[in-house]
Amino acid sequence: MTARVVIVGAGHGAGQVVATLKQKQFDGDIVLLGDEPWLPYQRPPLSKKYLAGELPVERLLFKPASFYESPNITLKLGTRAEAIDAQQHVVVADGEHIGYDKLVIATGSRVRQLDIPGADLGGVHYLRDIADVDRIRTEIANASKVAIIGAGYIGLEVAAVFRQLGLDVTVLEMAERVMSRVVSPHVSAFFEREHKAHGVALRLAAGIGGFEGEDGRVTGVSTSRGDMIAADIVIIGIGIQPNSELAARAGLETDNGIVVDNHCRTSDPDIFAVGDCTSHPSQVYGRQIRLESVHNALEQAKVAASNICGEDLSYDEVPWFWSDQYDIKLQIAGLSEGYDEIVIRGEPRERSFSCLYLDEGRLLAVDAINAPRDFMQSKALIAARARLDASKLSDTEIPLKDLV
Ligand code: FAD
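Residues numbered from 1 in each chain as written. Predicted model: local features only at pLDDT ≥ 70, side-chain atom pairs only at ≥ 80, totals over all residues. Heavy atoms only, no water.

Strands sit in the order β22-β23-β26-β25-β24 across an open sheet of five strands; the sheet is antiparallel. Each end of this open sheet is capped by a strand with a single partner; those strands are β22 (320-325) and β24 (341-347). Adjacent strand axes in the sheet meet at a mean angle of 15 degrees, parallel and antiparallel pairs treated alike. With five bridges connecting them, strand β23 (residues 328-334) and strand β26 (residues 362-369) associate as antiparallel partners. Looking across to β26, one finds that Ala333 is bridged to Val366. Sheet strands in contact with helix α3 (residues 153-164) are β22 and β23, and its direction is about 25 degrees off that of β22. (Pairing = 2+ DSSP bridges. Helix = DSSP H or I, 4+ residues; strand = E, 2+ residues; numbered from the N terminus. Axes fitted to C-alpha atoms, helices over the stretch in contact; angles between N-to-C directions. Contact = heavy atoms within 4.5 Å.)

Here you go:
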């Protein structure tokens, strides 16, 4: 019998673990332990509407405070788990030893840091949590020039918001095109055109030498080519890394994240892990993958919590992601790595099209740009792994669902 479930990390995945345990009428104790002072909240708006000042902080919450008001739920916020003793079934936090029958690790990920001269100057920011955005918002009130390091999702979303707020924006990207890790050159070229049209100065293939400053505050970014870009504020968005050290120290298997099986179980049968911090087997792609997405955190959380309640669920979803930049919604289904053919469906100049990635005729992934129907319908095609006729895929008259 599971008398107590402890959840470490109180983010998106953790919130869903509590929600599913409640839904399954789990009647043991639930202890939710997170190092941020907030109840579980949604991060996607942080680089979108919350940064733009269009969303109050309460609207970020995954569930209202009343949701957690129950005699069997204990919240320990602002509390960092320091160690897990897997043998004793104990989590150590704030000097307290908290016993568990089942443990869920949902520690998410943290930003990759830039270790270059001037990185500690005032005005140089990362963007991962509410506190980061609140600091950035206070500072942009007095700023006019922003430099963004990294043209991934976060960097480009921030660029779009800052342009809407009327700031001068320069984006510096080390690679030769934007979002190069996740989208094809066609899609990169589309977003590069959009950002330029909105007045963003895009510097591609640009290495960073360091940050220049005066009186402890950043005044600019020096590039490896030796030129200097003036900036009152700098936002760094160069990727994340999984928070898997706590699990590794507890003796759990880690490899680019906490290794879980398709039941979201770690190498210890009483410890589950969900969300950004995990590396899981994907049957669709036939390999171990680590995802950084809300959908993954939510679905893994449902599977872990259901299995804690005695079910036998497996996790094997087609991954999906989204990004909002200006009035453009980019929706990505699947993972494009390993493609040998690209099909463009629709017309990029009309700002609505899809880029389909195939491997030996099988659909691997789709980037849908203002094309929600293609996005929705492509998931079934990706899961089916059927061979498809590329000429049919490019015909916008044929709905993708008819090709399954
Ligand atoms: P998190 O939500 O990060 O929660 C983990 C929590 O655990 C954090 O609060 C962390 O501080 C805490 N923690 C870590 N270690 C400990 C410890 N030892 N003790 C206690 N607590 C600990 N995804 C999308 O799909 N679409 C988007 O548009 C999108 N936009 C994003 C925009 C931004 C700015 C960011 C930062 C992320 C975005 N994401 C997006 C990613 C998405 O938010 C994450 O994939 C999701 O939050 C993962 O949930 P999680 O529960 O694994 O981790």
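Anyway, onward from the coordinates.
With that settled, consider the site of the ligand. Of all residues adjacent to the ligand, which total 31 residues, the nearest are Gly13, Asp35, Glu36, Lys48 and Asp276. In this structure, His12 approaches the ligand through a main-chain N or O atom, which is 3.2 Å from an oxygen atom. Protein burial of the ligand: of its 1,000 Å² of free accessible surface, 94% is covered by the chains. For the shell around the ligand, the secondary structure elements donating two or more residues are α1 (12-23) and α6 (294-308). Residues belonging to the shell around the ligand are distributed by class as follows: eleven nonpolar, twelve polar and eight charged. (Near = heavy atom within 4 Å. Polar contact = N/O pair within 3.5 Å; in protein donor to acceptor, adjacent residues only side chain to side chain. Areas by Shrake-Rupley, 256 points an atom, 1.4 Å probe, with all protein chains shown as cover. Nonpolar A, V, L, I, M, F, W, Y, C, P; charged D, E, K, R; others polar.)

A few words now on helix α7 (residues 372-384). If you check α7, its first and last C-alpha atoms are 19 Å apart, about what 13 residues at 1.5 Å a residue would give, namely 18 Å. At Ser378, α7 shows its strongest bend, of approximately 30 degrees. For α7, the full list of buried residues reads Asp374, Phe375, Gln377, Ser378, Lys379, Leu381 and Ile382. At its buried positions, α7 is contacted by β22, β23, β24, β25 (352-359), β26 and α8 (390-393). Two residues or fewer after α7 comes Arg385, characterised by a positive phi angle close to 55 degrees. (Expected span 1.5 Å × (residues − 1). Bend = angle between axes of the 7 residues up to and from the residue. Buried < 20%, exposed > 50% of the residue type's maximum accessible area, 1.4 Å probe, protein only.)

This part covers the packing of α1 against α6. Two numbers describe how α1 lies on α6: the axes approach to 8 Å, and their chain directions differ by 35 degrees. Judged by the sense of rotation from one axis to the other, the crossing of α1 with α6 is right-handed. Along the contact surface, α1 presents His12, Gly13, Gln16, Val17, Thr20 and Leu21, while α6 presents Val294, Ala297, Leu298, Ala301, Lys302, Ala305, Ser306 and Ile308. Looking at the contact of α1 with α6, its residues break down into eight nonpolar, five polar and one charged. (Left-handed = near helix turned anticlockwise from the far one by under 90°.)

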